[in-house]
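Take a look at the letters that make up each chain.
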Amino acid sequence: GAPAQVALAFCSPDYGGNLEEFCEILRVDGHIVNVAGCLGLGPIHEAEEFESQPGFSVLALTIPGVGQSILTDSALPPNRPGSLLALTSPEMSNLEAWVQSAGTTPVVGGIASSPTSEPEGAVFLNGKLHECLAVEVAPPAKCVPVLCQGCRPIGEPLTVTKAENNVIYALGAKPAYEALESAFETLSEAERAAARGNLFAGLAGSEYVEEFRAGDFLVRHILGADPNSGAVAIAGMPRIGQTLQYQLRDAQSASEEARKALSSARASTGRPAASLLFSCTARGRAFFGRPGHDARLAQEVLGRHPSAGLSCAGELAPLWGRNGVHSHSLVCALIFPPLAP
């Protein structure tokens, strides 16, 4: 009954040459004030994920507080009430600093994905290309972020006792490489066979935990390991005294973690009015063995509701109150209208 203030649009790469026309059609025929979106290899529409298929998914929002402000190619305003729905290009070099410039304001979203032959992960607002954008969700509307990293701890949690930048030399009294070997030895034969490329390092967010579980860690890639020096390099900056536990990524653990996180959100907030899903391209059919796992699970657990999203080259979400960049993750932005008086 009224124009939508903003629509989030996720298009397959073949729309890259026609973004201005695409957005103009949506704005005129759809009665939408602004169209913000990006290109990607797999649009998500409600319970379906269209991996590597042509098409688009659009979520138009007419909710007070959603989309009145849209920022492009600039630092994020820090410590504001509400949240920011963010889309970025994979070429953005200062991405971690950009999301953290928001301070305590949650930043939820994804990194565009597209083949190198196409416009490089184009992010757009009303057909014009940008490096990044952020759509504000301000009170009285509310955005609740849900982050599922898809890993479970293996081995034992150990304290970082020697590290330099992103290279860890010692965990407790052990060389970091030896601790990685010990964690690997705890796996079954089937798990070891599937572990290639699926071992990660988890940095604990708090030391005041009796028993660490999935979700207690910031999960980071292992970039390399040297048995001679005992060093392990990770895509993160560990602190001396911080707890690290190695992690295994597998489909069953990822599915269980996502169900638990979404169920917890549903129990505390109820069914969302709408949602945006950002699922890593490393998930999907190849990982879970069936299409549409994340999208179907979200609709099942949260209840049927309008939803759009994308298979991303990386995901943005807060963890322990600090905005960050994640990989191999599922990030959901659950959107709620103002409460009725």
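The notes below deal with the structure included here. Being a predicted model, the structure only gives us computed values, none of them experimental.

Rules behind the numbers
Residues numbered from 1 in each chain as written. Predicted model: local features only at pLDDT ≥ 70, side-chain atom pairs only at ≥ 80, totals over all residues. Heavy atoms only, no water. Axes fitted to C-alpha atoms, helices over the stretch in contact; angles between N-to-C directions. Helix = DSSP H or I, 4+ residues; strand = E, 2+ residues; numbered from the N terminus. Left-handed = near helix turned anticlockwise from the far one by under 90°. Contact = heavy atoms within 4.5 Å. Nonpolar A, V, L, I, M, F, W, Y, C, P; charged D, E, K, R; others polar. Salt bridge = Lys/Arg side-chain N within 4 Å of Asp/Glu carboxyl O. Expected span 1.5 Å × (residues − 1). Polar contact = N/O pair within 3.5 Å; in protein donor to acceptor, adjacent residues only side chain to side chain. Pairing = 2+ DSSP bridges.

**Some remarks on the packing of helix 5 (residues 251–269) against helix 7 (residues 293–302)**
Relative orientation and spacing of two packed helices are given, respectively, by the angle between their axes and the distance between those axes. It is at 9 Å that the axes of helix 5 and helix 7 come closest, and there the two elements cross at 35°. The handedness of the crossing between helix 5 and helix 7 comes out as right-handed. Across from S255, A258, R259, L262, S263 and R266 in helix 5, the residues of helix 7 making contact are H293, L297, A298, E300, V301 and L302. Classifying every residue of the contact of helix 5 with helix 7 by side-chain character gives six nonpolar, three polar and three charged.

**Considerations on the pattern of salt bridges**
Tallying each qualifying case throughout the model produces eleven salt bridges. The residue R192 makes a salt bridge to E189 at a minimum N-O spacing of 3.6 Å. Taken together, the residues R192 and E189, both in helix 4 (residues 189–194) and three residues apart, mark about one turn of the helix. In this structure, the salt-bridge partner of E300 is R259, at a minimum N-O distance of 3.0 Å. You can see E300 sitting in helix 7 and its partner R259 sitting in helix 5, a full 41 residues away along the chain.

**Things to note about helix 5**
Counted at 1.5 Å a residue, the expected span for helix 5 with its 19 residues is 27 Å, and the 27 Å between its end C-alpha atoms agrees. Those residues of helix 5 that are buried are in contact with strand 12 (142–148), strand 13 (151–153), helix 6 (284–288), helix 7 and strand 25 (330–336). If you check the start of helix 5, you find a side-chain oxygen 3.2 Å away from the backbone N of Q252, and it comes from D250. Just downstream of helix 5, G270 is the residue with a positive phi angle, here 85°.

**Observations regarding the sheet that holds strand 7 (residues 83–88)**
Spatially, six strands are ordered 6-11-7-8-23-24 in an open sheet, and the strand pairing comes out mixed. With partners counted over all chains shown, the strands left at the sheet margins are strand 6 (66–72) and strand 24 (322–326), one partner each. On average, each strand axis in the sheet is tilted by 25° relative to the strand beside it, whichever way the strands run. Judged from the six bridges that link them, strand 7 and strand 11 (residues 132–137) form a sheet pairing that is antiparallel. By the bridge assignment, L87 is partnered in strand 11 with L133.

**A look at the environment of L76**
Assignment of secondary structure puts L76 in the loop between strand 6 and strand 7. In this structure, the C-alpha to C-alpha distance between L76 and V107, residues 31 residues apart in sequence, is 9.3 Å.

Keep in mind these numbers describe shape, not what the thing actually does.
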